[in-house]
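# Architecture and fold: a report
One-letter residues, chain by chain:
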Amino acid sequence: MTSFGISGFAHPENAPSTPVDYGSGEQLPKQRLGEMLRRMLRIRRFDERASALMMDSRIPGGLHNSIGQEAEIVGACMAMRDDDYMTGNHRSHGHPIGKGVALAPLMAELFGKVTGVCHGKGGSMHLADFSAGSLGESGIVGSLMPVAVGAGLSARLRRTDQACLCFFGDGAANCGPFHESLNLAAVWKLPVIFLCENNGYAINTAQEQTMAVSNVAQRASAYNIPGLIVDGQDAVAVYRAVSSAVVRARRGEGPTLVEAKTYRYCEHFEAIGMPDPPAYRTVAEIESWRSRDPIELFVACLERSGGMTSKEVETIRQQVEAEVESAVTFAAQSPTPKANALLEDIYL
Ligand SMILES: Cc1ncc(C[n+]2csc(CCOP(=O)(O)OP(=O)(O)O)c2C)c(N)n1
Ligand SMILES: [Mg+2]
């Protein structure tokens, strides 16, 4: 089953003439809408600062940022409970922020500091914070999809109604673990929501060059599970789609594949001295997606529909700015791990 048209916003070529009402007409209370905005802004500002700090050699290594993809992350995470699980991938900061992980220990992890969520041993790409249900991020494409299935199985065996949100990219949808994970989760009807962040590219290879189907969600029919396509730039649309999948998961009816069409503004990966990639995207394409910036669309709808005033929005922006700066200060002032801590926190 593939269903279309959940989205409030359409894609640029068929943008709706009437704005989406995020105000009183929606079921979402103002506090939830404010929290959605706060988390999207956190992702944007955290990643902007992390990129700048890395280019300034204050954060070691390189990183993958989620700028442009904030709505699909936050819309999906906000549909989950705090005690639900989540797995991610190499584009690794946005998912934990969306799930509610605190910014200071997250930034400290990027700095490699002992106060980081993984005591400075994970770095940008291998973040986890079990206290917030964030089971991990990983540089190995597709590798955490079976872990999400395991989390779903664990919830089943412990007889809880927890579910697991599994983020992965369009590139991962061509890897073996995608098929194995969807198959097993479908056969055992496990409470997993597979959330494909389809930004159209795997590094600099376009989806059309590697996939015979136009939509990843079409593959759901091979596992006899629902496949939903949603506008990934519309946080509320994603929230609704994932909420429906969560209801199904908690009822014991099994997994759902949700495909969020989205876009990353920046290059796949950022590091000092990275050569420019071949021109695989046009300026016009990037600009057309930027013109539908997920945060600005959300704010415009909130203000237009009376869901929030521009002053309230500005207050949240300022609070997030201060929160990120405080996280940077915390990270910079934290100690580095001692050499003799190298073998702690590992299984031998
Ligand atoms: C198993 C494996 N194969 C290849 C790579 C190299 N690689 C890193 S990211 C990436 C592209 C992933 O694309 P996608 O899943 O669409 O995620 P996106 O980067 O677009 O968010 C590839 C091929 C890897 N890290 N792991
Ligand atoms: Mg991709």
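Our structure's up above, just so we're on the same page.
For every chain, the first residue of the written sequence is number 1, and numbering continues from 1 onward in sequence order. As they are written, the chains are lettered A onward and the ligands numbered 1 onward, keeping that order. Only residues with pLDDT of at least 70 get local features here, since the model is predicted, and only at 80 or more are side-chain atom pairs given and counted; chain-wide, interface and lining totals rely on the full set of residues. Hydrogens and waters are ignored; side-chain quantities use all the structure's heavy atoms.

Our focus in this paragraph is the packing of aromatic side chains. Two aromatic rings, drawn from Phe, Tyr or Trp (for Trp, its six-membered ring), form a pair once their centres lie within 6.5 Å of each other, and the interplanar angle then sorts them: stacked below 30 degrees, edge-to-face above 60, tilted otherwise. For the structure shown, the criterion picks out three aromatic pairs. Between Tyr 201 and Tyr 280, the ring centres sit 5.3 Å apart and the planes meet at 70°, which makes this aromatic pair edge-to-face. Taken as a pair, Tyr 201 in strand E6 (residues 201–202) and Tyr 280 in the loop between strand E9 (256–261) and helix H8 (283–290) lie far apart in primary sequence, 79 residues in all. The exposure classification of Tyr 201 matches that of Tyr 280, with both residues buried. A run of H or I in DSSP becomes a helix once it reaches four residues, and a run of E becomes a strand once it reaches two; helices and strands are each numbered from the N terminus. We call a residue buried when its accessible area falls under 20% of the maximum for its residue type, exposed when it is over 50%, and partly exposed in between, using a 1.4 Å probe and counting protein chains only.

Attention now moves to the site of ligand 1. Contacts to ligand 1 come from 14 residues, most closely from His 90, Arg 91, Gly 139, Gly 171 and Tyr 201. As used in this structure description, the phrase polar contact means that two N or O atoms lie within 3.5 Å; if the pair is within protein, one of them must be able to donate a hydrogen and the other to accept it, and residues adjacent in sequence are counted only when both atoms belong to side chains. Tyr 201 is positioned with one of its backbone polar atoms (N or O) 2.9 Å from an oxygen atom of ligand 1. To be clear on the numbers: accessible area is Shrake-Rupley with a 1.4 Å probe, and residue cover counts the displayed protein chains and nothing else. Out of a free accessible area of 580 Å², ligand 1 has 71% covered by protein chains. Residue type decides the class: Asp, Glu, Lys and Arg count as charged, Ala, Val, Leu, Ile, Met, Phe, Trp, Tyr, Cys and Pro as nonpolar, and the leftover types, Gly among them, as polar. Looking at side-chain class alone, the shell around ligand 1 contains six nonpolar, six polar and two charged residues. Near residues are defined by distance, with any heavy atom within 4 Å of the molecule or strand qualifying the residue.

Let us now look at the packing of helix H1 (residues 30–55) against helix H4 (residues 103–110). Their axes nearest at 12 Å, the elements H1 and H4 cross at an angle of 25°. As judged from the angle between their axes, H1 and H4 are roughly parallel. Taken as a pair, H1 and H4 cross one another with a handedness that is right-handed. Counted together, Arg 42, Phe 46, Arg 49, Ala 50 and Leu 53 of H1 and Leu 103, Leu 106, Met 107 and Leu 110 of H4 form the full contact between these two elements. Every axis corresponds to a line fitted to the C-alpha atoms, with the helix fit spanning only the stretch in contact, and the corresponding angles, defined between N-to-C directions, vary from 0 to 180 degrees. Comment on the angle field: the value is read as roughly parallel under 35 degrees, roughly antiparallel over 145, roughly perpendicular from 65 to 115, and oblique elsewhere. In this scheme the crossing of two helices becomes right-handed for a clockwise turn of the near helix relative to the far one and left-handed for an anticlockwise turn of less than a right angle. When checking whether two residues touch, look at their non-hydrogen atoms; a contact exists if any pair is within 4.5 Å.

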